[in-house]
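Commentary on secondary and tertiary structure
Spelled out from the first residue to the last, the chains are:
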Amino acid sequence: DGKSVVYASLGKLWIRPLPAGSPKRLSKDNENLEMYPTFSSDGRWIAYTTWNDGQMGALYKIQANGSGQTRLTTQKGTYAEPSFSGDGKKIVYRRTGGDDTRGSLFSKETGIYWIGADGGKSSLITEEGSRPLFNRTGDRIYLAAGEGEKTALISIGLNSEQRRVHLLSDNAQQIVP
């Protein structure tokens, strides 16, 4: 809604009114690192991911006023890049594999998934790509992917159908629609 900015700093989420104001912590969570915040289109909700060495990662949402913190995923793993659908009813995210720092436990079943904004069962869309975003109608996902030696902007339906390549680049490291 253009009234606030949310960001991650030192492992915690902060929200600040625009155009000026003092930042304040969004959640009261002192156990998890908080990352990848994203607003719903109406500005009421923020989806984000967490990490904790003991409990691993999860996908959460919280109201912009700091109330209503809700864990959406039940499976341990490493989560990144959540994004709401335009109507706020779905969230798309990336489930990544482990690494040298976090280890490789719970790093199977990587890919781009969607889940209802109230939680529930996650559905795999594709095993490839990063930085997923819904299209305007919420029935397709745009994402960056490799296409041979090139970086591509592709889209794919929520049920893994009709993969389309929209743009190819020899040099791009990031493509943002």
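Everything discussed here concerns the structure shown above.
Moving on, we get to the environment of Phe134. Along the chain, Phe134 turns up in strand β12 (residues 130-134). Classification of Phe134 by relative accessible area gives buried; the value is 11%. Residues Phe134 and Pro19 lie 115 residues apart in sequence; the distance between their C-alpha atoms is 27 Å.

So, about the sheet that holds strand β4 (residues 33-39). Taken in spatial order, the four strands line up as β4-β5-β6-β7 in an open sheet, and their pairing is antiparallel. Only two strands of the sheet have a single neighbouring strand rather than two, namely β4 and β7 (70-71). When strand β5 (residues 45-51) meets strand β6 (residues 58-63), the two strands line up antiparallel, connected through six bridges. Opposite Trp45, over in β6, you have Gln63 as the bridge partner.

Looking now at the side chain of Glu81. Mapped onto the secondary structure, Glu81 falls in strand β8 (residues 78-84). At 2.7 Å, the side chain of Glu81 forms a polar contact with the backbone nitrogen of Arg131. When near neighbours in sequence (up to four residues on either side) are disregarded, Glu81 contacts Tyr36, Val92, Tyr93, Arg94, Ser130, Arg131 and Pro132.

Using the criterion set out here, one finds five salt bridges in the structure. Of the charged contacts in the structure, one is a salt bridge between Arg163 and Glu147, with a shortest N-O distance of 2.8 Å. One end of the pair, Arg163, is in the loop between β14 (150-157) and β15 (164-169); the other, Glu147, is in strand β13 (residues 140-147), and 16 residues separate them in sequence. Accessibility expressed as a relative area gives 36% for Arg163, which makes it partly exposed. Take Glu147: its relative accessible area is 29%, and that puts it in the partly exposed class. Salt bridges sharing partners connect three or more residues here, namely Glu128, Glu147 and Arg163.

As a further point, take the pairing of β4. Relative to β5, β4 runs antiparallel, the two being bridged by five bridges. By the bridge assignment for β5, Leu33 is matched with Trp51.

A word on the pairing of strand β11 (residues 123-126). Where strand β10 (residues 111-116) meets β11, three bridges bridge the pair, whose relative direction is antiparallel. Opposite Tyr113, over in β11, you have Leu124 as the bridge partner. The turn joining β10 and β11, which pair antiparallel and follow one another in sequence, is formed by six residues; a positive phi near 95° is taken by Gly119.

Assignment of secondary structure puts Gln173 in the segment after β15. Here the alpha-carbon distance between Gln173 and Ala152, two residues 21 residues apart in the chain, equals 9.7 Å.

Attention now goes to the packing of aromatic side chains. On inspection of all chains with the given rule, the structure shows three aromatic pairs. Plain terms: the ring middles of Tyr48 and Tyr60 are 5.7 Å apart, the flat faces sit at 15° to each other, and that makes the pair stacked. With a gap of 12 residues between them, Tyr48 in strand β5 and Tyr60 in strand β6 connect regions that are remote in the sequence. Geometrically, the ring pair formed by Tyr93 and Tyr113 is stacked, given 5.8 Å between the ring centres and 10° between the ring planes. Placement of the pair is Tyr93 in strand β9 (residues 90-96) and Tyr113 in strand β10, with a sequence separation of 20 residues. Each member of the pair, Tyr93 together with Tyr113, is buried. Within the aromatic cluster, the residues linked to one another by ring pairs are Tyr79, Tyr93 and Tyr113. We note Lys61 situated over the ring of Trp45; from NZ or CZ to the ring centre the distance is 4.1 Å.

Cut-offs and rules
Residues numbered from 1 in each chain as written. Predicted model: local features only at pLDDT ≥ 70, side-chain atom pairs only at ≥ 80, totals over all residues. Heavy atoms only, no water. Helix = DSSP H or I, 4+ residues; strand = E, 2+ residues; numbered from the N terminus. Buried < 20%, exposed > 50% of the residue type's maximum accessible area, 1.4 Å probe, protein only. Pairing = 2+ DSSP bridges. Polar contact = N/O pair within 3.5 Å; in protein donor to acceptor, adjacent residues only side chain to side chain. Contact = heavy atoms within 4.5 Å. Salt bridge = Lys/Arg side-chain N within 4 Å of Asp/Glu carboxyl O. Phe/Tyr/Trp six-rings, centres within 6.5 Å; stacked < 30°, edge-to-face > 60°. Lys NZ or Arg CZ within 6 Å of the ring centre and 35° of its normal.

Purely geometric numbers; function is a separate question.
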